[in-house]
Amino acid sequence: MSIRVYNTLTREKEQLVTRKPGRVDIYQCGVTPYDYTHMGHARQYVLWDVIRRYLRYRGYEVFCVQNVTDIDDKIIAKAQSLGISPDELARRFDREYLEVMDALGVERPDVYPRVTEHISDIIDVIRGLVERGHAYETVNGVYFDVSSFPDYGKLSGRNLDEMRAGARVEVDEAKKDPADFALWKKAKPGEPAWDSPWGRGRPGWHIECSTLALKYLGSGFDMHGGGTDLIFPHHENEIAQAEAYTGEGPFVRYWIHHEMVNVNQEKMSKSLGNLFTVRDVLKEFRPEDIRYFLVSVHYRSPANFGPGELNAAKSARARLVNVIDSIDHVLGTPGAKNGPREGDAGAGPAHDPAAIPGAADPAAGDLKSRIESLRNSFIEAMDDDFNTAGALGALHSLAREVNSFINRRRNAAFPPEDLEALKAARDTLWELGGLLGIFGVEPRVPGEDSRLLGKLVEFLVELRGQARERKEWALADQIRDRLKELGIVLEDTPQGTRWKME
RNA sequence: GGCGACAUAGCCAAGCGGUAAGGCGGCGGUCUGCAAAACCGCUAUUCCCCGGUUCGAUUCCGGGUGUCGCCUCCA
């Protein structure tokens, strides 16, 4: 088995063959920090967080570089309107980005370079491009000469003639060709600027990614990620700059683009005013539920975002969490030791062999083999272009088999073979779900502070248990109802009452 | 106008040549003191429409129709 990924450059799924065996070098387009982090960002970085975890699970060493474009036109404009410096604005929203990603359990990149700290590297690349005849200076700045790069358009499937025919290309009399794009922008008064051979100014939009990728990963690295909206012009230009500069290709082996987050079937974007910031969504939903939603749609399909979708994800995830809780409960209170129904283990239906105390359920062996087969389904789905939605299906199938297995025991004690199988199921669920990050972020065990709370709840559960033995149902129900109002749910199982926080 | 993607049940969503995963919701049943959770059954004779290729197509090809994206900042 091997991993296959869809490459935008070839428009085909290809077998993953890395530049260095056993290692995957990744570059991701980072954010331009000038506003709040939104759900579209969450989609990208959660996706790549999952890809990184999965590649590691499959035995690769993974190295990830992600830039911060902390100087550009939008930052300058926003900073001016707020009356603060561009640097202050960029740092504020960069911090916002990192906080939100931490909350979502997204692992940080290995290298997180800021553009403003790499101006001299950028100037070196621009100078190289000018020297090799791929760029020229005008009164406004330095421009990349697209006609000097015959492969221009290979990523986005465009050709220059078509583009020139399009009327929407910016008009700049000083440029040789409307499709030429800025590598260096000469500063206007009041704008932040750095010295360069072409006077004071700042980098153009695309050059930072080529420069930083070449600096930290070198030419020909493995995966480059970003949204489909960056294919043209951003990534097209990145290729042109990098390959023209190094004189060799390919700059990137696999271009991996995720689709957009939509709202009401329309792209979520600033211009449409339908943005959802992650910070706001986090007020209503747990990070794991947000991740579940994101991962329940294949990354190359648009993901429609809304409360309904999020709630469906929440319910679906609860099912998975619940099965883990069920197993933990069984493992923590084995019937043979302190199960409340120990004496009446034989009370189950006589025709049910699983109900004979101490007898191993023949299904235990089956469960174990099913665990492995579903693990393989999970891997198969993920190997196929990171099909997280398919992988989730395997997890749910495993959940049903476990629940069914536990159900069949009813009041009977679980023999060691069963407990072992259940533990294996639990570990597998936990491990594979962990690759998707749908369990990891929440505290499974109450922290120090809530230890007292736990003891109090257990005391109430104990009192309620006594009331139930006396068949004082009204009192028992009152305790359960009041706790429910406080967000604490009680469930009576053959292995005793268990409780959880909602 | 140019380029591209996608159309699967009430909803979300996999599958992409061998006869429709999974989830949410709904209905019926089992379990339960009652619940909750869970399990069982039902909820697409069919994958937008029309042609074609094939023994066979939701899956491939052609043509429609519809939705969306990029070509301007965008994840």
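Residues numbered from 1 in each chain as written. Chains lettered and ligands numbered in written order. Predicted model: local features only at pLDDT ≥ 70, side-chain atom pairs only at ≥ 80, totals over all residues. Heavy atoms only, no water.

K.L.:
A description of the sheet that holds strand 3 (residues 23–28) should follow, citing residues and the corresponding values.
P.N.:
Across the sheet, four strands lie side by side as 4-3-9-10; this open sheet has parallel pairing. The open sheet is flanked by strand 4 (61–66) and strand 10 (252–258), the only strands paired with a single partner. Across the sheet, the mean angle separating the axes of adjacent strands is 25 degrees when strand polarity is ignored. Sheet analysis places strand 3 next to strand 9 (residues 221–227), joined by three bridges and oriented parallel. Looking across to strand 9, one finds that isoleucine 26 is bridged to methionine 223. Contacting strand 3, strand 4, strand 9 and strand 10, helix 1 (residues 39–57) runs over the sheet at an angle of about 155 degrees to strand 9. (Pairing = 2+ DSSP bridges. Helix = DSSP H or I, 4+ residues; strand = E, 2+ residues; numbered from the N terminus. Axes fitted to C-alpha atoms, helices over the stretch in contact; angles between N-to-C directions. Contact = heavy atoms within 4.5 Å.)

K.L.:
Account for the pairing of strand 4, naming residues and giving values.
P.N.:
Pairing of strand 3 with strand 4, which is carried by six bridges, proceeds in the parallel orientation. Bridged to arginine 23 within strand 4 is glutamate 61. With helix 1 bridging strand 3 and its parallel neighbour strand 4, the resulting β-α-β unit is right-handed. (Right-handed = clockwise from strand over helix to strand, strands pointing away.)

K.L.:
Go over the nonpolar core, please, and point to the residues and values.
P.N.:
Within the largest apolar cluster, 81 residues are counted, with the highest numbers of intra-cluster contacts made by Met39, Leu55, Met223 and Phe378. Considering each element in turn, this core owes the most residues, 10 residues, to helix 1. Split by domain, the residues of this core number at least three in each of domain 1 (4–281) and domain 2 (322–444). Ile119, Trp184, Phe221 and Ile239 belong to the second-largest nonpolar core, a separate cluster that totals 42 residues. (Core = buried A, V, L, I, M, F, W, Y, C linked by side-chain atoms within 4.5 Å. Buried < 20%, exposed > 50% of the residue type's maximum accessible area, 1.4 Å probe, protein only. Domains from an automatic or database assignment.)

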